[in-house]
Structure formats: structure tokens, C-alpha cells
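# Results of the structural survey
Here are the chains, one letter per residue:
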Amino acid sequence: MPHVLPIDTPTLGDRGYLVHDGRVAFVVDPQRDIDRVLDLAAAEGVTITHVFETHVHNDYVTGGLALARRTGAAYHVGADDPVAFDRVPVRDGDEVGVGERMRVRVRHTPGHTFTHLAYVLIADGADVAVFTGGSLLYGSVGRPDLLGPEHTGTLAHQQYTSARRLAAELPGAAAVYPTHGFGSFCAATQSGAAASTIGREQRTNPVLTTPEREFVDELLAGLDAWPAYYAHMAPANTAGPLEPDLSPPQHADPAQLRRRLTAGEWVVDLRHRVAFAAGHVAGTLNFGLDGGLATYLGWLIPWGTPVTLLGDTPEQVAEAQRELVRIGIDRPAAHATGAPADWSGGGRLATYPRATFADLAQVRHHRPVAVLDVRRNLEHAEAHIADAVHVPLHELLHRLGEVPAGEVWVHCATGYRASVAASVLAAAGHRVVAVDDEFPNAAKAGLHTVPAGA
């Protein structure tokens, strides 16, 4: 059996794969920062000879073309994908030999996109695994609505057909290796599974256990918003993204930071939300490295706005750069490291208080308090605090006029998005309190919550 080594990108919820027989290797759906793939191949002592893309990705910029050019590998992309670069086109039924013991069979699996492909790994004549991309996921499928509402219904039915085709063709012991489904917004739902087989999915996955009409209805009912930066990923991937530049950006002194803030650029503080609330340069925004930095920054930022990164250390800035190139934000305008006092040039730092839901409940006994819920629509519909104003985080910049005047207590599900929202509101001149707490604690604290359907 060949070795299948996952290459995880947990912050985007995706997974690529390096597959080798001890001598040669192929790669499926590599992320933009290909140094991780090259380092893994070197550690395994194998040569990458082929790179496969399951589809034109909507949630990240691919590293496939750059990896193929760096290694001289054949780059296999769907024949019907309208790409602007040379590749080895593949279509349903094709087989590609990789070394002496491995073959890869191409299967057309539309549903996530119209041209989506899956790749069946054949080792010593047996079908041993399938790389399903955004088709059959662990306990789910890839979402069918990313190409627009006019195609969603058709793609949902195609997801059903494609998943069942794979399940019918492959043995139950065949391993399933999806690209999405580990937190990616490309997945219709999320699963905690780390591995699976065709047989397990046949027993547990709704797409393989539910009648088609029921499955499609439930799939569509469970879809919520996806990050705005997705609109830029397919054009970047069809154009042919090159290897990113991860060298440090220019250093910004306090005067330059002030100029950038005054010009309306984004100056992003990468520190944890606790540290940010305790002291930060006024006007900066908090996207901590401990959460979905790239997802939420890419979702909120007006595309093309220059970004300056502030971190405790150069390593924090480098980590953020790596996250951002994965979604096509290639070069920060500048950076600075150290402490907020270093960035402010001796000026007074801005602060705002943090609190729990128990604190909110206690305060509400004494005075009315405006509450802002920045969770997504489906989260809010499941349960929410009575009388809270609901503005999803990804809509906040365009709906600031709906935020109540005066003091606002802002919450999400765990605290990360609340901190992003609090920094946005504080930069816009609001008095904020960031609720840094788990949402189930709201009801436990005695706050009146409205359940689903009420």
C-alpha cells in the first residue's frame, strides 16, 4: 500500500495529500505555500512526479502550478476547466501511471463544481483509495452553492449522484481522502472524523443513506453565507498563481502607521484578544492568530486594501503572511513588531473592557444594555439572546448604522469574532464591551434566550 500523508491547513479547514511508494510521489490539491510539500517530500526521500487538482478551488489559492513548475512534475487539471496555463488535461476514465506500482484513475464527480474530478488510487491492481476533493466528504459533501443560486439546485442533485457513483464503484475498504470538511466553508456541514472509508460513509453519510429529495432539501436548508474572498479565488486559480513571496515586508515606524491609518488602510494587530483589549493603537483591527485570521480578514476587508501587520515577534508576522497568501493577499504593505507602546510612538493606547455572559446578566439587572450578536444567520436562528441586535460579522462594515448608540456589548459563539467586531466598532468610535465567553453560558447565566422556532 502506498503511503498517503495529509498536509493539513487547519485555519482554512482544508487538507492536501502527498502519496508515494517510497521512490516517486504525487500530490493532490496543494496549498499555495508549497515549501511544506517540498519539505515533506524531502523528508520522505521521494521525487514528486505528478500533481493533481480535483477542481478550481473557491476557498484558497492553489499551489499546484507553482509546485509543478518547481519540481518538473506533470500538472493534471480537468480538461474542461478554462485555465490560462499549460497543463496535462484529464477527464473521466483517464488513467495516469505514477512510478511502477501506482496508477490514478480519473472520475468526473460534479456537484461542488460542474467540472469536479475525483482520483482513484490503484496500487498493485486494486482500488485502495479515492481523493474526493469537494465531492464526498466525511459525513457530508462539498457545498453546491458557490457558483451562484441559479446553479445550486442542479449541483445539489449532482452531488448526490456523484457520491453514489463513487460508493457503487469502489470497495468498502477503499480509504476516502477529501480536501474539504475540516472546518472549510466549502463543506456543507462539518465532521469530527479524521479518517474514513467507502464502507463507513455508506453507513453514516446522509448522501448515501437518505433518499435524494430529502437529502437535497436538508442540504440546501443547512447552507449559510460563505466568505466574500471566495469570489476572488477561482479567477486567481484559473489564471495560474505563481509561488508566493514570503520574505518580510518593510518595517513601519509609528509615523508611517499613523499615515496608513489616516489613509484608511488596514493595520491589523495579530495579538490575542485579551492583549488587544488591554491596550492597542487606536484604529487598528484585531485578527488574532489564534483563530480564523485569513478567513475573517479576507471576508471583511474591501479587496485590495493595503494591510499592515503588527505582532509581538517576527514569527507572528511570518505566520500571518503565510495565512494570507493562501487566500491571495500576497504582500503586506508593511509590518512592525514589539509592543503597542512601540507602535504608538509614546501616544496613549486605546482599551476596551472584556466580560462574560454572567457579567452581562448582572449589568442588565441594573440598567438597560445594548447587545450585538455577530454570529451567522443559522447560528442566530438556532438560539439567541432576546432583544439582541443581530448583524453577522461579515456584514458589520456595511451595517454600522444599525449598531445602537452608546455602550454596546458584542458577542459571538466563543469570543474570537466578538473581538474582531469590537475592534471594528471601537475604530468607528463606538463604546464597546467584548463578551469573551461561550454562547451556551448565556442561558446558564440567566439571560433570556430564544430557541429555534420560537
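Just above sits the structure.
Report on the accompanying structure. None of these values were measured; they are calculated from a predicted model. (Residues numbered from 1 in each chain as written. Predicted model: local features only at pLDDT ≥ 70, side-chain atom pairs only at ≥ 80, totals over all residues. Heavy atoms only, no water.)

### A closer look at the packing of aromatic side chains
To describe a pair of aromatic rings, you give the distance between the ring centres and the angle between the ring planes. Applying the stated rule across the entire model yields 15 aromatic pairs. When the ring of Y138 is compared with that of F182, the centres are 5.8 Å apart and the planes differ by 85 degrees; the resulting orientation is edge-to-face. Residue Y138 is located in the loop between strand 11 (136-137) and strand 12 (140-141), and its partner F182 is located in the loop between strand 13 (175-178) and strand 14 (196-197); the two are separated by 44 residues in the primary sequence. For Y138, a relative accessible area of 4% translates into the label buried. What links up through ring pairs into an aromatic cluster is the set Y17, F26, F52, Y119, F131 and Y177. Taking the ring centre of F182 as reference, the NZ or CZ of R15 above it sits at 4.1 Å. (Phe/Tyr/Trp six-rings, centres within 6.5 Å; stacked < 30°, edge-to-face > 60°. Helix = DSSP H or I, 4+ residues; strand = E, 2+ residues; numbered from the N terminus. Buried < 20%, exposed > 50% of the residue type's maximum accessible area, 1.4 Å probe, protein only. Lys NZ or Arg CZ within 6 Å of the ring centre and 35° of its normal.)

### Regarding the packing of helix 10 (residues 293-300) against helix 15 (residues 416-427)
Helix-helix packing: each pair is described by the crossing angle between the helix axes and the interaxial distance. Two elements in contact, helix 10 and helix 15, have axes separated by 12 Å at closest approach and are oriented at 40 degrees. The interaxial crossing formed by helix 10 with helix 15 has right-handed handedness. Contact residues: helix 10 offers L293, Y296 and L300, while helix 15 offers Y416, R417, V420 and V424. When grouped by side-chain class, the residues that make up the contact of helix 10 with helix 15 number six nonpolar, no polar and one charged. (Axes fitted to C-alpha atoms, helices over the stretch in contact; angles between N-to-C directions. Left-handed = near helix turned anticlockwise from the far one by under 90°. Contact = heavy atoms within 4.5 Å. Nonpolar A, V, L, I, M, F, W, Y, C, P; charged D, E, K, R; others polar.)

### Here's the deal with unusual backbone geometry
Positive phi outside glycine occurs at D29, with the angle close to 50 degrees. With respect to the helices and strands, D29 occurs in the loop between strand 3 (24-28) and helix 1 (35-44). The class of D29 is buried, set by a relative accessible area of 1%.

### What about the sheet that holds strand 8 (residues 102-108)?
Taken in spatial order, the six strands of this open sheet run 7-8-9-10-13-14, and their pairing is mixed. Pairing within the sheet leaves two strands with one partner each, and these edge strands are strand 7 (95-98) and strand 14. In terms of strand pairing, strand 8 meets strand 9 (residues 117-123) through seven bridges, oriented antiparallel. Opposite R105, over in strand 9, you have V120 as the bridge partner. (Pairing = 2+ DSSP bridges.)

### Some thoughts on the environment of D330
Inspection of the secondary structure assignment puts D330 in the loop between helix 11 (314-325) and strand 18 (334-337). Overall, the relative accessible area of 33% leaves D330 in the partly exposed class. Each C-alpha atom of the pair D330 and L246 lies 8.3 Å from the other, and the pair is 84 residues apart in sequence. The contacts of D330, once residues within four sequence positions are left out, are R32, D245 and V325. At a separation of 3.0 Å, a polar atom in the side chain of D330 contacts the side chain of R32. (Polar contact = N/O pair within 3.5 Å; in protein donor to acceptor, adjacent residues only side chain to side chain.)

### Some thoughts on the pattern of salt bridges
The tally for this structure, following the rule as stated, stands at 31 salt bridges. Between E95 and R103 there is a salt bridge, with its nearest N and O atoms 3.0 Å apart. Judged by its relative accessible area of 36%, R103 is partly exposed. In this structure, the salt-bridge partner of D436 is R273, at a minimum N-O distance of 2.9 Å. With a gap of 163 residues between them, D436 in the loop between strand 24 (431-435) and helix 16 (440-444) and R273 in helix 9 (residues 273-278) connect regions that are remote in the sequence. For the pair D436 and R273, a shared accessibility class is recorded, and that class is buried. Each of D33, D35, R36, R322, E323 and R326 takes part in one network of salt bridges that share partners. (Salt bridge = Lys/Arg side-chain N within 4 Å of Asp/Glu carboxyl O.)

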